[in-house]
Amino acid sequence: MSTNKVALITGSSRGIGAAIAESLSDAGYAVCINYIEREDKAEELAARIRQKGGRCITQQADVADREAVFSMVRRIERELGPVTLLVSNAGIAKQQQFQDIDPETWQRLYAVNVNGAFHSAQAVLPHMLHEHAGCMVFVSSIWGQHGASCEAAYSSTKHAIIGLSRSLSAELALSGIRVNCVAPGVIDTDMVQVLGQETLEGLAREIPLGRLGKPEEIAQTVLYLAENPYITGQVVTVDGGFLC
């Protein structure tokens, strides 16, 4: 069995995904930085990783596109080695009242958030099954654990991610493959900045720890789940006590 640690982190040019990629690289993983639009951010991150001696590649791919995902995994296998850790992080969100959601928006959120996880997991699974080893970490959200007003589309996709990770953990355990899920709270990223400063300050006041989370704090949790060999089937909430 190969001891080479290779991670694919989808949606990792910035925010939580970038923090995860850098943390995993620091821990000895060769990493693939996946992006859909922000090539500049992906290359900045790759340069930082390489400067520290890490191995990485960048790859543009829309995770909603199944062939693009499988092609990306084939390139990772050629250039870095087979994927031993999948971090399914790519996701999009849109705040909207339910009656105003058009079918295209609904379908796009499911295509990226749910189908993207499906495509990524199926793409890396054959090698993991062959080796009887591997790990997957799916990134959900606290809104996947508890619904949120004006977040029906996003929340329902993140509920689906939790169901997928729990089901896969039961199915793949006997094959030596661990599957876990992280549910971040309000994390200080570009995605939440669209809510506006006033809203974010109000949210911070509702969080027992009194502040928004940092992407690096989600990365620490992902690394822990990746490295602990006796954890599977778990959903770890990282939200500063917001849902206590």
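Residues numbered from 1 in each chain as written. Predicted model: local features only at pLDDT ≥ 70, side-chain atom pairs only at ≥ 80, totals over all residues. Heavy atoms only, no water.

> Quick question: what am I supposed to make of the packing of aromatic side chains here?
One pair of aromatic rings is described through two measures. These are the centre distance and the angle between the planes. Taken as a whole and judged by the stated rule, the model has three aromatic pairs. Here F98 and W106 contribute two aromatic rings whose centre-to-centre distance is 6.3 Å and whose plane-to-plane angle is 80°, an arrangement assigned as edge-to-face. Seen from their ring centres, W143 and F242 are 6.0 Å apart, and the 85° between their planes marks the pair as edge-to-face. With W143 in the loop between β5 (134-139) and α5 (152-172) and F242 in the segment after β7 (235-238), this pair connects stretches of sequence that are 99 residues apart. Relative accessible area serves as the criterion here: at 21%, W143 is assigned to the partly exposed category. Judged by its relative accessible area of 15%, F242 falls in the buried class. Here a set of aromatic residues connected by ring pairs shows up, and it is made of F98, W106 and Y110. (Phe/Tyr/Trp six-rings, centres within 6.5 Å; stacked < 30°, edge-to-face > 60°. Helix = DSSP H or I, 4+ residues; strand = E, 2+ residues; numbered from the N terminus. Buried < 20%, exposed > 50% of the residue type's maximum accessible area, 1.4 Å probe, protein only.)

> How should I be thinking about the state of the cysteines in this particular structure?
In a disulfide, the sulfur atoms of two cysteines are held together by a covalent bond. For the coordinates displayed, the defined rule picks out zero disulfides. The closest cysteine sulfur to the non-disulfide-bonded C32 is located on C56, 9.0 Å from its own sulfur. A disulfide-free cysteine, C135 has its sulfur positioned 12 Å from the sulfur of C181, the nearest such atom. (Disulfide = S-S within 2.5 Å.)

> When you look at unusual backbone geometry in this model, what are you seeing that I'm missing?
Glycine aside, negative phi is the norm for most residues, and most peptide bonds take the trans geometry. At H132, a residue that is not glycine, the phi angle is positive and equals roughly 55°. With respect to the element layout, H132 can be found in the loop between α4 (103-131) and β5. The phi angle at C150 is positive, at roughly 65°, despite the residue not being glycine. Structurally, C150 is set in the loop between β5 and α5. The class of C150 is partly exposed, set by a relative accessible area of 32%.

> Explain the packing of helix α1 (residues 15-26) against helix α8 (residues 215-227) here, please?
Two packed helices can be described by the angle between their axes and the distance between those axes. Viewed as axis vectors pointing N to C, α1 and α8 meet at an angle of 50°, and their least axial separation amounts to 8 Å. One element, α1, and the other, α8, form an angle in the oblique class. Relative to α8, the crossing made by α1 is right-handed. The residues of α8 that touch α1, namely those facing G15, I16, A19, I20, S23 and L24, are P215, E216, I218, A219, V222 and L223. Across the contact of α1 with α8, the residue classes break down as nine nonpolar, two polar and one charged. (Axes fitted to C-alpha atoms, helices over the stretch in contact; angles between N-to-C directions. Parallel < 35°, antiparallel > 145°, perpendicular 65-115°, else oblique. Left-handed = near helix turned anticlockwise from the far one by under 90°. Contact = heavy atoms within 4.5 Å. Nonpolar A, V, L, I, M, F, W, Y, C, P; charged D, E, K, R; others polar.)

> Would you explain α5 in this entry?
Within an α-helix, residues lying three or four positions from one another point in the same direction, as the helix has 3.6 residues per turn. Taking 1.5 Å per residue, 21 residues should reach 30 Å; α5 reaches 30 Å between its end C-alpha atoms and fits that length. Every buried residue of α5 is accounted for by A153, Y154, S155, S156, T157, K158, I161, I162, S165, L168, S169 and L172. In the core, the buried residues of α5 are packed alongside α4, β5, β6 (177-184) and β7. (Expected span 1.5 Å × (residues − 1).)

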